[in-house]
Amino acid sequence: LAEALLLMAIMLRSAAYPFHGWLHHSRLSSLTDRLSVYLIPAIAGLWLLGQINSTADMAWLGEPQWWVLMTLFLLGSSIAAWTELDTVCSLDLVCANRAGVIILTMSLWPGQGMLPLVGWLLAFSLGLGMLLVAYLVNQSWGGRWPAVLAVLTLLGYPATAGFTGQAWVARLAPPTGHLLFWTITVLADSLLLATLLRGWERPITPLPERMSRREARLLTAAVVLAVPAVFAGLQPAMMLRLIGVEAPRAGLLTLMTSMPSSIWARLLVVSALALWLNYSREPALIRWERFQEGVARVARLDWVYGLVQITARAAWALWQAVLRIVEGEGYMGWVALTLLLILLLVRR
């Protein structure tokens, strides 16, 4: 029970789908607020999750119903991100999706420690950090390279920090895995990549010779995030040892040649489908903006959060009515204390 509650708390803090509502409807007005208020605590929580995976009894998370549920959550967050019209809101759903990948990997490899999670955790921290910076860079001078590196890292392409995570998700791949759920993950990543490829309409302009302070800070932040992201992609084993994770001493070339063919097929299909979704001539589904907004509302689970809010208000109104019948909060407090004492005496 304790491990399940801690897992739920970490999913809530990292805004993993379907616990993303607080981030999606938060009052974080800027992307820099999301970097400090959301991303850093989320990384700490997911790192703690990896430590729990190596010490606690997490075998229950490996039961089929849990990784099936995590796979469906992954698809739901991708659909929500793809149908979301607002750029910043879709970015929140991308965060929920990438946090969900880490939870799914843990469900596929329960009790195996940090090693199965560390690739996607590096992609989550470095990729999302760079993606947040890339949006600001795009608004400033339209630079593309931070966004390109962020997208490749988040999707786990070769020579990026997220590539090592692909090997662990491959447990779902046929013939030993389940074709249906492997296909769902492929579709989810395709929708996510299509989401990340849109929204960069501003023309690219060269950096000004005299940069403003804001532009200098953005360039510095992009370089600071890019260096470890590139290093982790080119030297994955060394990066894992630097952060304290025991890993085989294998270089990038060895890692690439040892990857199963299902991983390369998956990356190829994801890339092709995402490019088709993004660059095809306005599919009919996208033209129906009202239908798209309806799908986005359903996939975002706004209706669930609305029902929860209505239920909470009704419960609070009922509680207030009970308090008016009895002698108020103080009376109910004494009743609760008496029941607690009785429980302790009975247990003895």
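For the structure, see preceding data.
Residues numbered from 1 in each chain as written. Predicted model: local features only at pLDDT ≥ 70, side-chain atom pairs only at ≥ 80, totals over all residues. Heavy atoms only, no water.

Novice: I keep staring at the overall build of the protein chain and nothing clicks. Help me out?
Specialist: A count of helices and strands for the protein chain gives 17 helices and zero strands. Within the span of the protein chain, comprising 348 residues, buried residues form 46% of the whole. Residue pairs in contact within the protein chain that sit at least 24 positions apart in sequence constitute 78% of those at least 6 positions apart. For the protein chain, the exposed surface amounts to about 18,200 Å²; the carbon and sulfur share of it is 68%. (Helix = DSSP H or I, 4+ residues; strand = E, 2+ residues; numbered from the N terminus. Buried < 20%, exposed > 50% of the residue type's maximum accessible area, 1.4 Å probe, protein only. Contact = heavy atoms within 4.5 Å. Areas by Shrake-Rupley, 256 points an atom, 1.4 Å probe, with all protein chains shown as cover.)

Novice: Honestly, the packing of aromatic side chains in this entry has me stumped. Any pointers?
Specialist: What describes a pair of aromatic rings is the distance from one ring centre to the other and the angle between the planes of the rings. Per the stated rule, a full pass over the model turns up five aromatic pairs. Considering the side-chain rings of F163 and W264, the 5.7 Å spacing of their centres and the 50 degrees angle between planes classify their relative orientation as tilted. Here F163 is found in helix α8 (residues 163–169), whereas its partner W264 is found in helix α13 (residues 261–279), with 101 residues between them in sequence. A connected cluster of aromatic rings, assembled from ring pairs, spans W22, Y38 and F124. (Phe/Tyr/Trp six-rings, centres within 6.5 Å; stacked < 30°, edge-to-face > 60°.)

Novice: I keep staring at the packing of helix α5 (residues 87–108) against helix α9 (residues 179–197) and nothing clicks. Help me out?
Specialist: A packed helix pair is summarised by two numbers, namely the angle formed by the two axes and the spacing between the axes. Across the interface, α5 lies against α9 with an axial gap of 11 Å and an inter-helix angle of 150 degrees. By the angle between their directions, the pair α5 and α9 is classed as roughly antiparallel. Crossing of α5 over α9 shows left-handed handedness. Residues S90, V94, N97, R98 and L104 of α5 touch α9, and the partners they reach there are T185, D189, L192, T195 and L196. In terms of residue class, the contact of α5 with α9 is built from four nonpolar, four polar and two charged. (Axes fitted to C-alpha atoms, helices over the stretch in contact; angles between N-to-C directions. Parallel < 35°, antiparallel > 145°, perpendicular 65-115°, else oblique. Left-handed = near helix turned anticlockwise from the far one by under 90°. Nonpolar A, V, L, I, M, F, W, Y, C, P; charged D, E, K, R; others polar.)

Novice: Explain a nonpolar patch on the surface to me, please; I cannot follow it from the model alone.
Specialist: Taken together, the side chains of W334, L337, L340, L341, L343 and L344 define a hydrophobic patch exposed on the protein surface, amounting to about 610 Å² of accessible area. Look at L340 and you get partly exposed, because its relative accessible area is 44%. (Patch = residues over 30% accessible without salt bridge, like charges linked within 9 Å, V, L, I, M, F, W, Y side chains within 5 Å. Salt bridge = Lys/Arg side-chain N within 4 Å of Asp/Glu carboxyl O.)

Novice: What is the right way to look at the pattern of salt bridges in this model?
Specialist: Within the structure shown, the criterion is met by two salt bridges. When the shortest N-O distance is used, the salt bridge between D189 and R98 registers 3.0 Å. Residue D189 is found in helix α9, and its partner R98 is found in helix α5; the two are separated by 91 residues along the sequence. The shortest N-O distance in the salt bridge between R266 and D189 comes to 2.9 Å. You can see R266 sitting in helix α13 and its partner D189 sitting in helix α9, a full 77 residues away along the chain. D189 gets classed as buried once you look at its relative accessible area, which sits at 3%. Beyond isolated ion pairs, a larger network of salt bridges with shared partners links R98, D189 and R266.

Novice: Sorry if this is basic, but what is going on with unusual backbone geometry here?
Specialist: A negative phi holds for most residues other than glycine; trans holds for most peptide bonds. In this chain, Y17 is followed by P18 through a cis amide linkage whose omega measures 15 degrees. With respect to the helices and strands, the residue P18 is situated in the loop between α1 (2–13) and α2 (21–24). One non-glycine residue, A159, adopts positive backbone phi at about 65 degrees. Within the fold, A159 resides in the loop between α7 (145–155) and α8.

Novice: How should α13 be read in this particular structure?
Specialist: Side chains three or four residues apart in an α-helix point the same way, a direct result of the helix having 3.6 residues per turn. The first and last C-alpha atoms of α13 sit 27 Å apart over 19 residues, in line with the 27 Å expected at 1.5 Å per residue. The set of residues buried in α13 consists of S262, I263, R266, L267, V270, S271, A274 and L277. Along the axis of α13, the buried positions cluster into a sector of 165 degrees, meaning they face one direction only. Residues S261, L268, W276 and Y279 are exposed on α13 and point more than 90 degrees away from its buried face. (Expected span 1.5 Å × (residues − 1). Arc of directions from axis to C-beta.)

Novice: Which parts of the structure should I look at to understand the environment of F231?
Specialist: Along the chain, F231 falls in helix α10 (residues 213–234). C-alpha of F231 to C-alpha of A161: the two residues are 70 residues apart in sequence and 8.0 Å apart in space. If sequence neighbours within four positions are ignored, F231 has contacts with P236, M238, M239 and L242.

Novice: Would you mind showing me how to read helix α4 (residues 64–83) here?
Specialist: Relative to the 28 Å expected for 20 residues at 1.5 Å per residue, α4 spans 29 Å between its end C-alpha atoms, a close match to the ideal helical length. Turning to α4, its buried residues number three or more, namely W67, M70, T71, L74, L75, G76, S77, S78, A80, A81, W82 and T83.

Novice: Mind showing me how you'd approach the side chain of T160 here?
Specialist: Looking at where T160 falls in the secondary structure, it is placed in the loop between α7 and α8. Within polar-contact distance, the side chain of T160 engages the backbone oxygen of Y157 at 2.4 Å. In contact with T160, not counting residues within four places along its chain, are L152, T153 and G233. (Polar contact = N/O pair within 3.5 Å; in protein donor to acceptor, adjacent residues only side chain to side chain.)

Novice: Help me understand the side chain of S107, please; the structure alone is not making it clear to me.
Specialist: Looking at the element boundaries, S107 is found in helix α5. Looking at S107, the relative accessible area reads 0%, which means it is buried. Ignoring any residue separated from it by four or fewer positions in sequence, one finds S107 in contact with L61, G62, W66, W67 and M70.

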